[in-house]
Amino acid sequence: KRVGAVFHVLDFLSYHEFMIIIGLGNPGEEYAGTRHNAGREAVTSFGVKMGLEFKSDKKSNAQVAKKGTLTLVLPDTFMNKSGASVGGWQTCAAGF
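Quick summary incoming for the structure in this document. (Residues numbered from 1 in each chain as written. Predicted model: local features only at pLDDT ≥ 70, side-chain atom pairs only at ≥ 80, totals over all residues. Heavy atoms only, no water.)

### Points about the sheet that holds strand 3 (residues 62–67)
Reasoning step 1: The four strands are arranged 1-4-3-2 in an open sheet whose pairing can be described as mixed. Unpaired on one side and paired on the other, strand 1 (19–22) and strand 2 (55–57) mark the two borders of the sheet. Within the sheet, the average angular offset between the axes of one strand and its neighbour, ignoring direction, is 30 degrees.
Reasoning step 2: Note that strand 3 and strand 4 (residues 70–75) share six bridges and pair antiparallel. Bridging from a neighbouring strand, Gln63 pairs with Leu74 of strand 4.
Reasoning step 3: Lying on the sheet, helix 2 (residues 38–49) is in contact with strand 1 and strand 4; it crosses strand 4 at an angle near 140 degrees. (Pairing = 2+ DSSP bridges. Helix = DSSP H or I, 4+ residues; strand = E, 2+ residues; numbered from the N terminus. Axes fitted to C-alpha atoms, helices over the stretch in contact; angles between N-to-C directions. Contact = heavy atoms within 4.5 Å.)

Written out as structure tokens, the structure reads:
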């Protein structure tokens, strides 16, 4: 069943080749529920609703979940260092 944002993303994917959603935040339980983790928690929640499982990706230093042309990324770096993790995904997206 498609609900809310899940419906819109699936609808978007039906017209586009791929989508990468990156949830920025600070890793670790001590940062859970803080405003700095809003993006990370939103993407995590979305992934759970989609039935996805995040797996550690050492190459990009992130937790990654994939389903078809949709990729969700949760960098394992702190907010001020997220560029190192996100940069590789930006390069990947530019190749399409």
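### Focus on helix 2
Reasoning step 1: Between its terminal C-alpha atoms helix 2 stretches 16 Å, which fits the 16 Å expected from twelve residues at 1.5 Å a residue.
Reasoning step 2: Looking at helix 2, one finds that the buried residues are Arg40, Val43, Phe46 and Gly47. Buried residues along helix 2 cover an arc of 130 degrees about the axis, so they all sit on one side. Of the residues in helix 2, the exposed ones pointing more than 90 degrees away from the buried face are Val48 and Lys49.
Reasoning step 3: Trailing helix 2 by a residue or two, Gly51 shows a phi angle of about 75 degrees, which is positive. (Expected span 1.5 Å × (residues − 1). Buried < 20%, exposed > 50% of the residue type's maximum accessible area, 1.4 Å probe, protein only. Arc of directions from axis to C-beta.)

No statement about biological role is implied by the geometric values presented.
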